[in-house]
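A look at the structure
Chain by chain, the residues:
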Amino acid sequence: MTLVRAKKHLGQHFLTDKNIASKIVDSLRPEGRYKQVLEVGPGMGILSDFLLQKAEYETFLIDIDTESYTFLKKKYPKLGERLINADFLELDFKAKFESQMAVIGNFPYNISSQILFKILDHRDQVHEVVGMFQKEVAERCASKPGSKEYGILSVFLQAYYKVEYLFTVKAGVFNPPPKVLSAVIRLTRNATADLGCDEKLFWQVVKAGFNQRRKTLRNAVSSLINKEKMVDNKTLDLRAERLSVADFVQLTNEIAENRQ
């Protein structure tokens, strides 16, 4: 079959190393918690080959690239409706999948943050994620409070998922090779059903705090707080990068209580 051309505007860098592909797929841990796995951006199917060998779950593939879709349709004729030619960012999870599921992929680096926020939007359905990202993004996802990588994405993901940095991947195993190092991370849904605070306000506080991360929270979130009532709040004297998820939840509740 004619090979698929990597398209720059889609952020495609096809993985060519089968050992790494196998290692990525083996990083999934269904353990009976889900029966369906969705691969995002399968390209020419190097991950798909290993996914489709697994009997413990049903594999679905989604690719926005019509050339990849046509290639995969010929390569895997039995997939039928489990091969989807669509934009992952527009996918209706509840209409397509039964209940708990996993997402896996060598994700396009140009939309990696959008992919993660899409997963957060469907966090009650997506139990696990194993994905290849630009190393810098992977480090940001897994970083802890106090580090320079820790930011908005770190807090939002770690509020609902256990985030593990699994391994680094060199550029030479891709075609075309990216200009950056890559890394694979695993997200596993934690037990948090809700954060125990006004989640809309929580997101506002986190975003405001990190959008001006060099400032103390007192200045960064000034538009959200009652300054007179919170004048003695010590947490507001810190920078956003010092706060854990639990700290942000507590601060959100304090802001809400003092708005009265």
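These notes cover the structure that comes with them. (Residues numbered from 1 in each chain as written. Predicted model: local features only at pLDDT ≥ 70, side-chain atom pairs only at ≥ 80, totals over all residues. Heavy atoms only, no water.)

**Here's the deal with the pattern of salt bridges**
Here the structure, examined in full by the defined rule, presents 14 salt bridges. With its nearest N and O atoms 2.5 Å apart, the salt bridge here joins K135 to E139. Here E139 and K135 lie together in helix α6 (residues 135-142), a separation of 4 residues that amounts to about one turn. Since its relative accessible area comes to 22%, K135 is described here as partly exposed. Taking the shortest distance from any N to any O, the salt bridge between R140 and E136 comes out at 3.2 Å. Of this pair, R140 and E136 both sit in helix α6, 4 residues apart, which is roughly one turn of that helix. (Salt bridge = Lys/Arg side-chain N within 4 Å of Asp/Glu carboxyl O. Helix = DSSP H or I, 4+ residues; strand = E, 2+ residues; numbered from the N terminus. Buried < 20%, exposed > 50% of the residue type's maximum accessible area, 1.4 Å probe, protein only.)

**Some points on the sheet that holds strand β5 (residues 101-106)**
Here 7 strands make up an open sheet; going across it, the order is β4-β3-β2-β5-β6-β9-β7 and the pairing mixed. Across the chains shown, the open sheet's two edge strands, defined by having one partner strand only, are β4 (83-84) and β7 (161-169). Here strand β3 (residues 58-62) pairs with β4 via 2 bridges, running parallel. Bridging from a neighbouring strand, I62 pairs with I84 of β4. Sheet strands in contact with helix α5 (residues 112-121) are β5, β6 (126-134), β7 and β9 (182-189), and its direction is about 175 degrees off that of β6. (Pairing = 2+ DSSP bridges. Contact = heavy atoms within 4.5 Å. Axes fitted to C-alpha atoms, helices over the stretch in contact; angles between N-to-C directions.)

**Comments concerning the packing of α5 against helix α7 (residues 152-160)**
Interaxial distance between α5 and α7 falls to 11 Å at its minimum, and their mutual angle equals 30 degrees. With respect to α7, the element α5 is oriented roughly parallel. Here the hand of the crossing between α5 and α7 comes out left-handed. Contacts between α5 and α7 involve S113, L116, F117 and L120 on the former and, on the latter, I152, L153, F156, L157 and Y160. Considering only residue class, the contact of α5 with α7 consists of 8 nonpolar, 1 polar and no charged. (Parallel < 35°, antiparallel > 145°, perpendicular 65-115°, else oblique. Left-handed = near helix turned anticlockwise from the far one by under 90°. Nonpolar A, V, L, I, M, F, W, Y, C, P; charged D, E, K, R; others polar.)

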